[in-house]
Amino acid sequence: MQLEKFLTAAEAIVGSENVSREPTSGAPEGLDGSAAYGDPFPLSRPHRPGPAVRPDTVDQVRELVRAANRFEVPMWTVSRGKNLGYGGSAPVVDRNVILDLHRMNKIIEINEEYAYAIVEPGVTFIQLYEEIKKRKLNLWISVPAIGWGSVVGNTLERGIGYTQDAAHYKHQCGMEVVLPDGDLLRTGMGVVEDSKVWPLYSGGFGPGLDGLFFQSNYGIVTKMGIQFSPAPEAYTRILVEVPEEQDLAPLVGTMTDLMRRRIVANPPQLYGRMTLIIGAARRDPEIAKILGEHGNFARHIPHDLISKVSSILGLPAWCADFALYGPPEAQAGLLEAVKRRFKQVKGAKVTHETFNAMPGEYLRSEDVTQDFLPQSGVPSIDHALAFSSKEDGLWHNCYSPVLPPSGRELYEWYVRAKKITEDHDLNFLADFHVFDRYIISINLIMFHPSAKARLHDVQYALMEDSKKLGYLEYRTHISFMDATAAHQTFNNGAFGRFTTMLKDTIDPNGILSPGKQGIWNSTAKLERLGLEEK
Ligand SMILES: Cc1cc2nc3c(=O)[nH]c(=O)nc-3n(C[C@H](O)[C@H](O)[C@H](O)COP(=O)(O)OP(=O)(O)OC[C@H]3O[C@@H](n4cnc5c(N)ncnc54)[C@H](O)[C@@H]3O)c2cc1C
């Protein structure tokens, strides 16, 4: 590896002001106003970023890739690097160069009639939303809970939003990709010069290649089509609360059935008492006082304290937020159908609020008062404000397995995962994204940095337990990518053999994001890279 020669070449390509020889500056502003690269919540293994390079055109990306091959310098790609809870902008391999695409932030097209956009990797959800608002377009985009991340990075990670288009990867349509040898490829109908259907028809003629570039290290995505929804004429937000822990089973069973029947179209977001208690403690000094030293998440909050705060505040065990979108005539009928179904769930309380556009008009996202999470597609960074990368801040890591859409199986897993988390003196915070045929069951582990040493053990314990139940994560922190990939065991690891063969073939020098999702060249020596083989 000839790092110095690469950096000199990179300065000639992007300008010296767009090369950070030290990773302490140049990244888009993040937690605590920091412009440093890296993981704001670093765990036990070293994943320090090396220097960073920031191209702003596709040609510059191609030239950087060619230079990286010439000098055998691997680069870790990020679009905005805001992958908080999964490693931020930090690489798997300690000191890898960061290829930061945040300066490539052009919105190439927004099409109101067919409800899609084509964006470069640096475009944030906030930027796309503001552009739609500025142009007064009748469109509702789907955004994650924190809006400063990129549409491209979030979608490639199979990130989740809260509107009808919440499974972002399912709404991606067409990509432009720089390949590991510097060649440039378009997928789907983008294979045709000036295609009019590139962002409309996600198939193509021949094999679908888009999937190869999700959660992988096979290319650098430089443009992406993303589809969303026309603004509705009416919107009803619904909150369902249930009193007891075990009510999770009928609550979830009812919700997934309503989704499969297309009565509810956005994925209900489900959270429990602990989330409500944290929110209350941030608003109410009296509650913070009751939590006392436990309020800093250094240790597990005792059950009797949780019960005490719950009974003072009259908290339910579980809450589910979801919504109805569409013409006003349909809203009342759908709402009645939802209420009728929840009458069968003992103790369920349903509250709702409807917003209607003026006759002949459509509702703008900003006309709806905001929900706990952005079901009307208005991005914000409010949910990031509770966190700080400082040594006395609140840190966060996600454990995110995919479960079947069954309340019974979710409850069984929840009880086991909660016990494992509490046995490690940490707190289980439920963040369940309920879809028609699966549930992304996120255990949001929030912790005081002094508890960091326990994070590695709890994640391994959770992974091992989920494996017994046949579950795998949909996404994971950079520290756990190899261990998670090691659970892809069908036919003696056929998936891993194929991904390695592909990597060796298209990226023989291993210059793109080594170790991403546990994908390495066959020649990579994991021990030499300071990683455990699992
Ligand atoms: C409190 C909190 C709430 C959150 N809520 C949500 C939520 O609701 N939904 C959700 O999905 N996430 C959520 N997150 C996680 C995270 O903040 C978002 O997913 C965020 O959008 C990811 O950052 P990014 O878009 O900047 O992606 P990046 O960090 O830029 O990219 C993520 C990864 O994708 C790959 N990648 C990125 N760009 C490219 C490219 N151009 N070519 C090839 N590979 C690339 C890289 O491996 C990179 O590490 C939350 C985090 C926190 C702390």
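- Within an unreviewed UniProt entry, the label attached to the protein chain reads Vanillyl-alcohol oxidase, and the organism entered is Podospora comata.
- Comment text from UniProt for the protein chain, heading Cofactor (unreviewed entry), reads "FAD".

## Section: the overall build of the protein chain
Argument step 1. Looking only at helices and strands, one finds 14 helices and 19 strands in the protein chain.
Argument step 2. The C-alpha atoms of the protein chain give a radius of gyration of 23 Å, which matches the 24 Å a tight globule of 534 residues would have.
Argument step 3. With the C-alpha coordinates aligned to their principal axes, the bounding extent of the protein chain is approximately 65 × 55 × 50 Å.
Argument step 4. Counting across all 534 residues of the protein chain, residues that qualify as buried make up 58%.
Argument step 5. Across the protein chain, contacts joining residues at least 24 apart in sequence account for 73% of those joining residues at least 6 apart.
Argument step 6. Taken as a whole, the protein chain presents about 22,300 Å² of accessible surface, with 52% of it coming from carbon and sulfur.

## Describing the pattern of salt bridges
A side chain with one charge can pair with a side chain of the opposite charge if their charged atoms come near.
Argument step 1. The final tally for this structure, using the stated rule, is 26 salt bridges.
Argument step 2. Between E241 and K349 there is a salt bridge, with the nearest N and O atoms lying 3.5 Å from each other. With E241 in strand 12 (residues 234–242) and K349 in strand 15 (residues 349–356), the pair connects residues that are 108 residues apart, well separated along the chain.
Argument step 3. Residue class for E241 comes out buried when judged on its relative accessible area of 16%.
Argument step 4. Owing to a relative accessible area of 48%, K349 belongs among the partly exposed residues under this scheme.

## A few points about the site of the ligand
Argument step 1. Taken together, 31 residues surround the ligand, and among them S79, S150, I160, Y162 and R475 come closest.
Argument step 2. Here I160 contributes a backbone N or O atom positioned 2.8 Å from a nitrogen atom of the ligand.
Argument step 3. The separation between an oxygen atom of the ligand and a polar side-chain atom of R475 is 2.7 Å.
Argument step 4. In the complex, 94% of the free accessible area of the ligand, which totals 970 Å², lies under the protein chains.
Argument step 5. Elements that contribute at least two residues to the shell around the ligand include exactly strand 3 (75–78), helix 4 (151–156) and strand 10 (220–227).
Argument step 6. Residue contributions to the shell around the ligand peak at 4 residues, all from helix 4.
Argument step 7. Among the residues forming the shell around the ligand, the class breakdown is 14 nonpolar, 12 polar and 5 charged.

## Section: the pairing of strand 18 (residues 439–447)
Argument step 1. Strand 18 sits mainly inside the fold: 9 of its 9 residues count as buried.
Argument step 2. Of the two faces of strand 18, the one holding I439, S441, N443, I445 and F447 and the one holding I440, I442, L444 and M446 are both buried throughout.
Argument step 3. Here strand 16 (residues 395–403) pairs with strand 18 via 7 bridges, running antiparallel. Its bridge partner lying in strand 18, N397 is registered against I445.

## Points about empty space enclosed by the protein
Argument step 1. Here the structure, examined in full by the defined rule, presents 2 cavities of 30 Å³ or more.
Argument step 2. Here the largest cavity is characterised by a volume of approximately 70 Å³.
Argument step 3. Lining the largest cavity are F125, L128, I141, S142, V151, T155, D165, H168, I226, Q227 and F228.
Argument step 4. Elements represented by at least two residues in the lining of the largest cavity include exactly helix 3 (125–134), helix 4 and strand 10.
Argument step 5. Classifying every residue of the lining of the largest cavity by side-chain character gives 6 nonpolar, 4 polar and 1 charged.
Argument step 6. There is about 40 Å³ of room inside the second largest cavity.
Argument step 7. Taken together, Y129, I132, K133, L137, L139, R364, S365 and E366 make up the lining of the second largest cavity.
Argument step 8. Residue contributions to the lining of the second largest cavity peak at 3 residues, all from helix 3.

## Brief notes about the sheet that holds strand 9 (residues 184–186)
Argument step 1. Here 5 strands make up an open sheet; going across it, the order is 5-6-10-8-9 and the pairing antiparallel. Single-partner strands in this sheet number two, and they are strand 5 (107–111) and strand 9. Across the sheet, the mean angle separating the axes of adjacent strands is 10° when strand polarity is ignored.
Argument step 2. Sheet strands touched by helix 3: strand 5 and strand 6 (116–119). Its angle to strand 5, the strand with the most contacts, is close to 50°.

## Remarks on the UniProt feature "domain: FAD-binding PCMH-type" (unreviewed entry) in the protein chain
Argument step 1. Residues annotated in UniProt with the feature "domain: FAD-binding PCMH-type" (unreviewed entry) correspond here to residues 45–231.
Argument step 2. With 18% helix and 22% strand, residues 45–231 has its two end C-alpha atoms placed 45 Å apart.

## Things to note about the pairing of strand 13 (residues 269–272)
Argument step 1. Both faces of strand 13 are covered, namely the face carrying Q269 and Y271 and the face carrying L270 and G272.
Argument step 2. With 4 bridges joining them, strand 13 and strand 14 (residues 318–326) adopt antiparallel strand pairing. Across the sheet, the residue bridging to Q269 is D321, located in strand 14.
Argument step 3. Here strand 13 runs beside strand 17 (residues 430–434); their pairing, made up of 2 bridges, is antiparallel. Note on strand 17: the bridge partner recorded for Q269 is H433.

Cut-offs used in this document
- Residues numbered from 1 in each chain as written.
- Predicted model: local features only at pLDDT ≥ 70, side-chain atom pairs only at ≥ 80, totals over all residues.
- Heavy atoms only, no water.
- UniProt positions renumbered as here; feature names shortened; annotations may be inferred.
- Helix = DSSP H or I, 4+ residues; strand = E, 2+ residues; numbered from the N terminus.
- Rg over C-alpha atoms; globule rule 2.2 N^0.38 Å.
- Buried < 20%, exposed > 50% of the residue type's maximum accessible area, 1.4 Å probe, protein only.
- Contact = heavy atoms within 4.5 Å.
- Areas by Shrake-Rupley, 256 points an atom, 1.4 Å probe, with all protein chains shown as cover.
- Salt bridge = Lys/Arg side-chain N within 4 Å of Asp/Glu carboxyl O.
- Near = heavy atom within 4 Å.
- Polar contact = N/O pair within 3.5 Å; in protein donor to acceptor, adjacent residues only side chain to side chain.
- Nonpolar A, V, L, I, M, F, W, Y, C, P; charged D, E, K, R; others polar.
- Pairing = 2+ DSSP bridges.
- 1 Å grid on protein atoms, 1.4 Å probe; cavity = no way out; pocket = protein on both sides within 12 Å on 5 of 7 lines; lining within 4 Å.
- Points joined across faces, edges and corners; volume = space filled by probe spheres on them.
- Axes fitted to C-alpha atoms, helices over the stretch in contact; angles between N-to-C directions.

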